[in-house]
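Structure at a glance
For reference, the chains in residue letters:
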Amino acid sequence: MNPDLSKLQPYPFEKLNALKAAVTAPADKSHIALSIGEPKHQPPAFALKALTDNLARFANYPSTKGLPELRTAIANWANTRFNLQRATLDAEANVLPVNGTREALFAFAQACIDSSKADAKVLMPNPFYQIYEGAAFLAGAEPVFLNCLAENGFIPDFDAISEQTWQACQLLFICTPGNPTGAVMSRELLEKLIGLADKHNFIIASDECYSELYFDEANPPTGLLEACESLGKTEFKNCVVFHSLSKRSNLPGLRSGFVAGDAQIIDQFFQYRTYHGCAMSVPCQLASIAAWQDEAHVLENRNLYRQKFDAVIEILKDVLPVSAPDASFYLWPKTPIADTDFAQQLFAQQNVTVLPGRFLARDCDDVNPGENYVRLALVAELEECIEAAHRIKAFVQSLSQ
């Protein structure tokens, strides 16, 4: 077996299950899960219809590159959403459909890391989506964790990174809006990172799967390709973005997303994927086309999240330091007791599951930046989120009695 498998930590939800197994939840309260970022809103009916209307197409082998119609729908969406006018995405050269961003993020590191270099490094935020670390280890690289602290708005302090580390960097993972904090990187910061990538010749992989869950309709989060546009970088050199229908369209089970950006990188990633055996089925592609071509359901999705954030924050604001994130569907409050104790006792008392922040982070520079935070995923229906908020409030109040 690959010896690097031994470097992988248990996934956060395995740690959570072990934490909960030590206690018993009250039988008279229904369980409410705020731990997993699995959207619970209804997926668009027209996308499901496109899927079921084309079930016979499961008889066809799909191509790795995907249907031209899907790549065109993706390119049209991204060009419009990110105001790409000079640096427009070409459906043939700059876009590759993938089976969700989780699979693609992991595969991307395997394709682009040169493990023959002993000091190969992959930089990533901390806390982080755990795929980044596993992808780095199994690509033969060293993960370098960049702490996302409150004093920096939960954005890494890129100025603190040494010249030596930048020189060894082959891949920089960024997540904007961030998981778990919801922090959004500014256009100016993205432009700065693009300049660093040019100077040190590394690739930026921007995980933007929460980009469509925002609160201000006049100011959607800036994307990496949009920063390329503002710099006049029409070839998107060293820049690749990852997008998904899971959060945008409430279709996590469809496993549909895309990778887009630098044509040379996309071409080489495509070659890797022809051996990877990961083509999206034709019915899923046809459903994806329908989803990428419609914005009305995405707007309704954002409205539902706004209602939940408003209601939950109003309930919790007197007992926890909560505020709406820049984007995403997470709250990231600091806890009055250790985050693991908070999660365990909350489950034992109120049958509500939240995710301890330390499970999403690693010790770095003598601190675990997720410690004494919990991630609350406001993915359930409004009434259930309100009920969960009342239970969390009651639990926090009980701590001071």
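A short tour of the structure in this document, coming up. Everything numeric here is computed off the predicted structure, so don't read it as measured data.

Once that is clear, we can look at the overall build of the chain. For the chain, the count of helices and strands is 14 helices and 12 strands. Relative to a compact globule of 401 residues, whose C-alpha radius of gyration would be 21 Å, the chain shows 21 Å and is just as compact. Dimensions of the chain, computed from the C-alpha atoms along their principal axes, are close to 60 × 55 × 45 Å. Taken over 401 residues, the chain has a buried fraction of 57%. Excluding contacts between residues fewer than 6 apart, the proportion of contacts in the chain whose partners are at least 24 apart in sequence is 77%. Summing over all exposed atoms, the chain offers an accessible surface of approximately 16600 Å²; the carbon and sulfur share of this is 50%.

Our next topic: the side chain of serine 244. Within the fold, serine 244 resides in strand S7 (residues 239–244). Here serine 246 takes part through its backbone nitrogen, which lies 2.9 Å from a polar atom of the side chain of serine 244. Setting aside residues up to four positions removed in sequence, serine 244 forms contacts with Thr101, Cys209, Ser256, Gly257 and Trp292.

Among the secondary structure elements, arginine 86 is positioned in the loop between helix H3 (68–81) and strand S2 (95–98). Under the relative-accessibility criterion, arginine 86 is labelled exposed at 52%. A distance of 2.5 Å separates a polar atom in the side chain of arginine 86 from the backbone oxygen of glutamate 229.

Attention now moves to a nonpolar patch on the surface. A cluster of nonpolar side chains, Met1, Leu5 and Leu8, forms an exposed patch at the surface whose accessible area comes to about 350 Å². Looking at where leucine 8 falls in the secondary structure, it is placed in the segment before helix H1 (12–21). Accessibility expressed as a relative area gives 34% for leucine 8, which makes it partly exposed.

To continue, consider helix H11 (residues 282–292). In an α-helix, one turn spans 3.6 residues; hence positions three or four apart end up facing the same way. Counting buried positions along H11 yields 10 of 11 residues, so the element is predominantly enclosed. Along its buried surface, H11 packs onto helix H2 (45–52), H3, S7, helix H9 (245–248), strand S8 (257–261) and helix H12 (296–316).

Okay, the sheet that holds strand S3 (residues 121–126) next. An order of S2-S8-S7-S6-S5-S3-S4 is seen for the 7 strands of this open sheet, with the pairing classed as mixed. Strands at the two margins of the open sheet, each flanked by one partner only, are S2 and strand S4 (142–147). Neighbouring strand axes in the sheet, compared pairwise and without regard to direction, differ in orientation by 20° on average. The sheet contact formed by S3 and strand S5 (residues 169–175) spans 3 bridges and is parallel. Bridging across to S5, lysine 121 finds its partner in cysteine 169. Against the sheet, helix H4 (residues 100–112) contacts S2, S5, strand S6 (203–207), S7 and S8, and its axis sits at roughly 155° relative to S7.

Moving on, we get to the packing of H2 against H11. One can describe the packing of H2 onto H11 by two numbers: an axis separation of 8 Å at closest approach and a directional angle of 155°. Judged by the angle between their axes, H2 and H11 are roughly antiparallel. Of the two elements, H2 crosses H11, and the hand of that crossing is right-handed. In contact with Phe46, Ala47, Ala50 and Leu51 of H2, H11 contributes Pro283, Cys284, Leu286, Ala287, Ala290 and Ala291. When grouped by side-chain class, the residues that make up the contact of H2 with H11 number 10 nonpolar, no polar and no charged.

Following the criterion strictly, the structure yields 21 salt bridges and no others. For glutamate 38, the salt bridge is made with lysine 40, and the minimal N-O distance between the two is 2.6 Å. For lysine 40, a relative accessible area of 42% puts it in the partly exposed group. Note that aspartate 198 is salt-bridged to lysine 233, the shortest N-O span being 2.9 Å. One end of the pair, aspartate 198, is in helix H7 (residues 187–200); the other, lysine 233, is in the loop between helix H8 (224–231) and S7, with 35 residues separating them in the sequence. The class of aspartate 198 is partly exposed, set by a relative accessible area of 33%. By relative accessible area, which is 16% here, lysine 233 ends up buried.

Rules behind the numbers
- Residue positions are given per chain, counted from 1 along the sequence in the order it is written.
- Under the rules for a predicted model, residues below a pLDDT of 70 receive no local features and side-chain atom pairs below 80 are neither given nor counted, while totals for whole chains, interfaces and linings still include all residues.
- Side-chain calculation: all heavy atoms of the structure are included, whereas hydrogens and water are not.
- Each helix is a run of DSSP H or I of at least 4 residues and each strand a run of E of at least 2, with the numbering of both proceeding from the N terminus.
- Throughout, radius of gyration means the C-alpha value; the globule benchmark is 2.2 Å times the number of residues raised to the power 0.38.
- Burial here depends on accessible area, computed with a 1.4 Å probe over protein chains only, as a share of the maximum for the residue type. Under 20% is buried, over 50% is exposed, and the range in between is partly exposed.
- A contact between two residues is defined here by any heavy atoms of the two lying within 4.5 Å.
- Per-residue accessibility takes into account occlusion by the displayed protein chains alone, with areas from the Shrake-Rupley method and a 1.4 Å probe.
- Think of a polar contact as two N or O atoms within 3.5 Å of one another; within protein, one of them needs to be a possible hydrogen donor and the other a possible acceptor, and neighboring residues in sequence only count if both atoms come from side chains.
- Only residues whose relative accessible area exceeds 30% and that form no salt bridge enter a patch; like-charged residues are grouped when within 9 Å of one another, and nonpolar side chains (Val, Leu, Ile, Met, Phe, Trp, Tyr) when within 5 Å.
- Here a salt bridge means any side-chain nitrogen of Lys or Arg lying within 4 Å of a carboxyl oxygen belonging to Asp or Glu.
- Pairing between strands is defined by DSSP: at least two bridges between the two strands are required.
- For helices, the fitted axis covers only the stretch in contact; all axes are lines through C-alpha atoms, and the angles between them, taken along N-to-C directions, range from 0 to 180 degrees.
- Note that the term roughly parallel is reserved for angles under 35 degrees, roughly antiparallel for angles over 145, roughly perpendicular for angles of 65 to 115, and oblique for everything else.
- The hand of a helix crossing depends on one turn: near helix anticlockwise from the far one by less than a right angle means left-handed, and clockwise means right-handed.
- Here the nonpolar group is Ala, Val, Leu, Ile, Met, Phe, Trp, Tyr, Cys and Pro; Asp, Glu, Lys and Arg are the charged ones; every other residue, Gly included, is treated as polar.

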